[in-house]
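Close look at the chain arrangement
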Amino acid sequence: MADAVPGASVPLRLALVAGEASGDVLAAQLLRGLQARWPGLRAAGIGGEALQAAGFEAWWPSEKLAVRGYVEVLRHYREIVGIRRRLRERLLAQRPTLFMGIDAPDFNLALEADLRAAGIPTVHFVAPAIWAWRPERVALIRRACDHVLCIFPFEPALLAEHGIAATYVGHPLAAVIPDEPNRAGARQRIGVDDALALVALLPGSRRAEIAHLLPRFLQAAARMRRDRPDIRFVLPAVPALEPAIRAQVAGSDVADAVTVLRGGAHTALAACDAVLVASGTATLEAALFKRPMVIAYHMHPLSWWLTQRKRLQPWVGLPNILAREFLVPELLQDAATPEALARETLAWLADDAAARTRRAQVVACFAELHAALRRDTVGLTVQALEPLLARGGRQ
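These notes cover the structure that comes with them.

Conventions adopted
- Residues numbered from 1 in each chain as written.
- Predicted model: local features only at pLDDT ≥ 70, side-chain atom pairs only at ≥ 80, totals over all residues.
- Heavy atoms only, no water.
- Helix = DSSP H or I, 4+ residues; strand = E, 2+ residues; numbered from the N terminus.
- Buried < 20%, exposed > 50% of the residue type's maximum accessible area, 1.4 Å probe, protein only.
- Contact = heavy atoms within 4.5 Å.
- Salt bridge = Lys/Arg side-chain N within 4 Å of Asp/Glu carboxyl O.
- Pairing = 2+ DSSP bridges.
- Axes fitted to C-alpha atoms, helices over the stretch in contact; angles between N-to-C directions.
- Right-handed = clockwise from strand over helix to strand, strands pointing away.
- Phe/Tyr/Trp six-rings, centres within 6.5 Å; stacked < 30°, edge-to-face > 60°.
- Lys NZ or Arg CZ within 6 Å of the ring centre and 35° of its normal.
- Expected span 1.5 Å × (residues − 1).
- Arc of directions from axis to C-beta.
- Parallel < 35°, antiparallel > 145°, perpendicular 65-115°, else oblique.
- Left-handed = near helix turned anticlockwise from the far one by under 90°.
- Core = buried A, V, L, I, M, F, W, Y, C linked by side-chain atoms within 4.5 Å.

Turning to the overall build of the protein, a few remarks are in order. The secondary structure content of the protein amounts to 19 helices and 13 strands. Looking at the protein as a whole, 55% of its 395 residues are labelled buried. For the protein, long-range pairs separated by at least 24 residues make up 68% of all intrachain contacts whose partners lie at least 6 apart in sequence.

Take the pattern of salt bridges next. Oppositely charged side chains can pair when the atoms bearing their charge come close. The full count for this structure, using the stated rule, is 18 salt bridges. Via salt bridges that share partners, E49, E242, R246 and R262 belong to a single interconnected network.

With that settled, consider the sheet that holds strand 4 (residues 98-102). Across the sheet, seven strands lie side by side as 3-2-1-4-5-6-7; this open sheet has parallel pairing. Looking along the sheet, the strands with just one partner apiece sit at the ends: strand 3 (57-61) and strand 7 (166-168). The sheet shows a mean angle of 15° between the axes of neighbouring strands, direction not considered. With five bridges joining them, strand 1 (residues 13-18) and strand 4 adopt parallel strand pairing. Looking at the pairing, A18 lines up with I102 of strand 4. The strands touched by helix 5 (residues 105-117) within the sheet are strand 1, strand 2 (42-47), strand 4 and strand 5 (122-125), with strand 5 carrying the most contacts at an inclination of about 165°.

The next subject is the pairing of strand 11 (residues 274-278). By the criterion of burial, strand 11 is predominantly enclosed, with five of the five residues buried. Residues of strand 11 alternate between two faces, with A274, L276 and A278 on one and V275 and V277 on the opposite face, all of them buried. Judged from the four bridges that link them, strand 11 and strand 12 (residues 293-297) form a sheet pairing that is parallel. Counted as the bridge partner of V277 is I295 from strand 12. Taking the sense of rotation as the criterion, the β-α-β connection linking strand 11, helix 14 (residues 281-288) and strand 12 turns out right-handed.

Before going further, it helps to examine the sheet that holds strand 9 (residues 232-237). The strands that make up a sheet are held in pairs by hydrogen bonds between backbone atoms, and each pair lies either parallel or antiparallel. The sheet built from six strands is open, its strands ordered 10-9-8-11-12-13 with parallel pairing. The open sheet terminates on both sides in strands that have one partner only, identified here as strand 10 (258-262) and strand 13 (330-332). Going from strand to strand, the sheet's axes swing by 20° on average, the running direction of each strand aside. One ladder, built from four bridges, connects strand 8 (residues 198-202) with strand 11; its direction is parallel. Across the sheet, V199 pairs through a bridge with A274, a residue of strand 11.

If you walk through the whole model with that rule in mind, you get one aromatic pair. Above the plane of the ring of F107 lies R84, whose end atom (NZ or CZ) is 5.6 Å from the centre. If you follow R358 out to its NZ or CZ, it ends over the ring of W348, 3.6 Å from the centre.

Taking 1.5 Å as the rise per residue, helix 18 (residues 353-373) with 21 residues should run 30 Å; its terminal C-alpha atoms sit 31 Å apart, in good agreement. Listed in full, the buried residues belonging to helix 18 are A355, V362, F366, L369, H370 and L373. Here the buried residues of helix 18 occupy an arc of 100° about the axis, which is enough to place them on one side. The inward-facing, buried residues of helix 18 abut strand 7, helix 8 (172-176), helix 14, strand 12, helix 16 (318-323) and helix 17 (338-349).

Let us look at the packing of helix 11 (residues 214-227) against helix 17. Two numbers describe a pair of packed helices, the interaxial angle and the distance between the axes. The interhelical angle for the contact between helix 11 and helix 17, taken along N-to-C directions, is 55°, at an axis separation of 8 Å. Judged by the angle between their axes, helix 11 and helix 17 are oblique. Of the two possible hands of crossing, helix 11 and helix 17 adopt the one that is right-handed. Listed contacts from helix 17 to R216, F217, Q219, A220, R223, M224 and D227 of helix 11 are P338, E339, L341, A342, T345 and L346.

Attention shifts here to the environment of C150. Tracing the sequence through the fold places C150 in strand 6 (residues 147-150). Taking relative accessible area as the criterion, C150 reaches 0% and is therefore assigned buried. Distance in space between the C-alpha atoms of C150 and T381 is 9.9 Å, their sequence separation being 231 residues. The contact partners of C150, leaving out residues within four places of it in the chain, are A127, E155, P156, L159, A166, T167, Y168, V169 and G170.

M100 and F125 are the most contacted members of the largest nonpolar core, which totals 119 residues. Sort the elements by how many residues they give to this core and helix 11 lands first, with seven residues. Other than its neighbours up to four places away in sequence, F125 contacts L26, L30, M100, G101, I102, D103, L149, I151, V169 and P172. One finds A15, W59, L87 and F99 within the second-largest nonpolar core, a separate group that totals 16 residues.

Attention now goes to the side chain of T281. With respect to the secondary-structure elements, T281 resides in helix 14. In this structure T281 comes out as buried when scored by relative accessible area, which is 19%. If sequence neighbours within four positions are ignored, T281 has contacts with S22 and L318.

See the structure below:
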């Protein structure tokens, strides 16, 4: 039958958990590719709007898991643990052909370990960054995952050292984002004149990030505008947080200069000249769009202290980690002042020889990164999943 792998006796039922907006987008791209290979495949679990648009049945919205930082997690601990317990019970009762956790390792790895112990094949997409922080996770990964799908080329060999099966599949977005984004077309869609300087503000997709970072970003925007009255800003909003984001923008000093989009992060990145971005997956997206950026982060002081104790590298932004140098500025915690954010962002927009050379060097590095991450992600994922799906289909 078209919806089952060779050797399987039941239709394919895939369980997925995507815990935030970036994971939701990645999972939706993968799901569409898997549906093209196995047209009868059904998928359900935890996901957002992108997954649901691909035919996914969301038992809980991904926003429920979009929490970052130790203190923030503690505030939502009972709810998140309750969701995981109910999801585990449902999956153990229904026994999907395969479970795939999309990133969100704090939620997914423990769940994967329980499911795998019960005989359900498990795959984790986006390898936990044990090379950057929390190396103690490797034992849990080995116990939890039948296979890990890696988005960076050096990760499979590192995982193999610990007895973990892994495949480098590239980054799905590297195949979707064009080498030369259509800046003029994106500006036309959002109604911004091509001659104006445009900065994209990406403060994150979690409530805590909007609370901690968006006020700083808006204050930085006000300072930028004092130096460059012609500057404009575009702010893509996760739909679930759009009302809160619009309220903050409306109460700021730059309400008339900020265009808020519902979703539309890729439109904003294509249209802009520079990006002020929260540390996370969005930094890699900005790099794939070849946009110079300033990476920022701010969280509860206790969360920050605990996080810093587990860091293994001097960089936090993915473009810098992959380049192993500070290609772009990182302003973290106390350093993420509105004044510093404004200064570093405006430096990317300067019209002098040194600034032009700096921009060209960064764009060239991002182009090399894009080429390294572009693979047939869906095809490689299908190859990695096929034996596991066949095993799960014979349950």
